[in-house]
Amino acid sequence: MDTMIGVIGGSGIYDIDGLQDARWTAVDSPWGTPSDEILTGTLGGVRMAFLPRHGRGHVHSPTTVPYRANIDALKRIGVTDVISVSACGSFREHMAPGDFVVVDQFIDRTFAREKSFFGTGCVAHVSVAHPTCPRLGDACFTAAQDAGITIHKGGTYLAMEGPQFSTLAESKMYRDSWGCDVIGMTNMPEAKLAREAELCYASIAMVTDYDSWHPDHGAVDVSEIIRILMGNAQKGREMVRRLPALLGPDRAPCPHGCDRALDHAILTAPDKRDPALLARLDAVAGRMLNT
């Protein structure tokens, strides 16, 4: 199998530098219209795809991002590995604004989003005990280090609904009682959907602020966030630029089983499955449903 790296760019990241044969292409999905067209091309001999999570011009709020359409569209065009890059707040002093964090755990506090491709007519339960791919996360860690970025390996991401930032009480609870490391609004249900679609998924959180818990920083300052965001965006592009050399064009099966997540997940008997839902699942679950 050939590697195809899909990058979902968060706030401030709206393209990839240096793509050869780059072009924007509209991809139809039975799950709705993706956030934007997808930028495809090659970088270092490896196929690449880029999707701006909020759309060019930042038109989608965290709640209205069409997460299912985005993941389906990436899978549909042949993406094998998804790198999620997103802005976040930090609950840890040593994870400072401008630093990156390789997220490996999530607490999902979102409540207004569709969180699964499956449902009535085709029920499936995938494991998200370990919701990110260690192989892909390690590659991002190495790429960031090579780019001179301060990056931390491992961290728990609190996914909040937004679009408002946390209250002080919430911020303290997430940090002190729940043990979270960073907070953001967009990695859920994205990570869950990537697992259902049998895609390797890595989350890189780019720290812009200390949320509201820090006694020396007070409330979130949006103007300061934007300043940090622009610097982080350039760092993010430098990290992505180094990934093809680390992952290579030829892809072996994932040693952690991300690309086999549906092996024992679908519970609905074949004769009870809804044909209309099965048609929508042709890309994300075709490996299982077609056999």
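Residues numbered from 1 in each chain as written. Predicted model: local features only at pLDDT ≥ 70, side-chain atom pairs only at ≥ 80, totals over all residues. Heavy atoms only, no water.

## A word on the UniProt feature "binding site: substrate" (unreviewed entry) in the chain
UniProt's feature table lists "binding site: substrate" (unreviewed entry) at Met-185, Asp-209, Tyr-210 and Asp-211, given in the numbering used throughout. Inspection of the secondary structure assignment puts Met-185 in the loop between strand E10 (182-184) and helix H4 (190-196). In this structure, Met-185 is in contact with Pro-62, Tyr-67, Arg-113, Tyr-157, Met-160, Glu-161, Gly-162, Pro-163, Gln-164 and Phe-165, ignoring residues within four places of it in sequence. Here Tyr-210 lies in the loop between strand E11 (200-209) and helix H5 (222-241). Separated by 2.8 Å, the side chain of Tyr-210 and the backbone oxygen of Glu-93 make a polar contact. (UniProt positions renumbered as here; feature names shortened; annotations may be inferred. Helix = DSSP H or I, 4+ residues; strand = E, 2+ residues; numbered from the N terminus. Contact = heavy atoms within 4.5 Å. Polar contact = N/O pair within 3.5 Å; in protein donor to acceptor, adjacent residues only side chain to side chain.)

## Quick look at the environment of Arg-109
Structurally, the position occupied by Arg-109 is in the loop between strand E7 (105-108) and helix H2 (134-146). With a relative accessible area of 43%, Arg-109 lands in the partly exposed category. A C-alpha to C-alpha distance of 19 Å links Arg-109 and Tyr-210, two positions 101 residues apart in sequence. If sequence neighbours within four positions are ignored, Arg-109 has contacts with Leu-158, Ala-159, Met-160, Glu-161, Tyr-174 and Trp-178. (Buried < 20%, exposed > 50% of the residue type's maximum accessible area, 1.4 Å probe, protein only.)

## Examining the nonpolar core
One finds Ile-71, Leu-74, Phe-117, Phe-118, Val-182 and Leu-281 to be the most contacted residues of the largest nonpolar core, which totals 44 residues. Mapped onto this core, the elements with two or more residues apiece are strand E1 (4-9), strand E4 (46-52), helix H1 (67-76), strand E5 (81-90), strand E6 (100-103), strand E9 (156-159), H4 and E11. With five residues, the top contributor of residues to this core is H1. Beyond its immediate chain neighbours, meaning those up to four positions away, Phe-117 contacts Trp-31, Arg-68, Ile-71, Asp-72, Leu-193, Glu-196, Ala-197, Leu-277, Leu-281 and Val-284. Among the nonpolar cores identified, the runner-up in size contains 34 residues, and Leu-19, Ile-83, Val-102 and Leu-136 belong to it. (Core = buried A, V, L, I, M, F, W, Y, C linked by side-chain atoms within 4.5 Å.)

## So, the pairing of E6
The side-chain alternation of E6 yields two buried faces, one formed by Phe-100 and Val-102 and the other by Val-101 and Val-103. Of the strand pairs in this sheet, E6 and strand E8 (residues 151-153) are connected by three bridges, and their pairing is parallel. The partner of Val-101 across the bridge, within E8, is His-152. The sheet contact formed by E6 and E11 spans four bridges and is antiparallel. Within E11, the residue paired with Val-103 across the bridge is Ser-203. (Pairing = 2+ DSSP bridges.)

## Here's the deal with the side chain of His-152
Considering the arrangement of structural elements, one finds His-152 in strand E8. Engagement of the side chain of His-152 in a polar contact is seen with the side chain of Asp-99, the distance being 2.9 Å. Once you skip the residues sitting within four places of it in the chain, His-152 turns out to touch His-94, Met-95, Asp-99, Phe-100, Val-101, Val-102 and Phe-141.

## Here we look at the packing of aromatic side chains
Taken as a whole and judged by the stated rule, the model has five aromatic pairs. Aromatic pair Trp-31 and Phe-117: ring centres 5.2 Å apart, planes at 70 degrees, arrangement edge-to-face. Note that Trp-31 is positioned in the loop between strand E2 (20-25) and strand E3 (38-43) and Phe-117 in the loop between E7 and H2, a separation of 86 residues in sequence. Overall, Phe-117 belongs to the buried group, its relative accessible area being 1%. Judged by centre distance (5.9 Å) and plane angle (85 degrees), the rings of Tyr-210 and Trp-213 are edge-to-face. When sorted by exposure, Tyr-210 lands in the same class as Trp-213, which is buried. Pairwise contacts between aromatic rings join Phe-91, Tyr-174 and Trp-178 into one cluster. The positively charged end of Arg-175 is found above the aromatic ring belonging to Trp-213, 3.8 Å away from the centroid. (Phe/Tyr/Trp six-rings, centres within 6.5 Å; stacked < 30°, edge-to-face > 60°. Lys NZ or Arg CZ within 6 Å of the ring centre and 35° of its normal.)

## Observations concerning the pattern of salt bridges
If you walk through the whole model with that rule in mind, you get 20 salt bridges. Three or more residues are tied together by salt bridges with common partners; here these are Asp-81, Arg-135, Arg-251, Asp-259 and Arg-260. (Salt bridge = Lys/Arg side-chain N within 4 Å of Asp/Glu carboxyl O.)

## Details of the environment of Val-7
Examined against the element boundaries, Val-7 turns out to sit in strand E1. Val-7 sits 166 residues away from Met-173 along the chain, and the two C-alpha atoms are 32 Å apart. Discounting residues that sit within four places of it in the chain, Val-7 has contacts with Ile-16, Met-48, Ala-49, Phe-50, Leu-51, Ile-83, Val-85 and Val-240.

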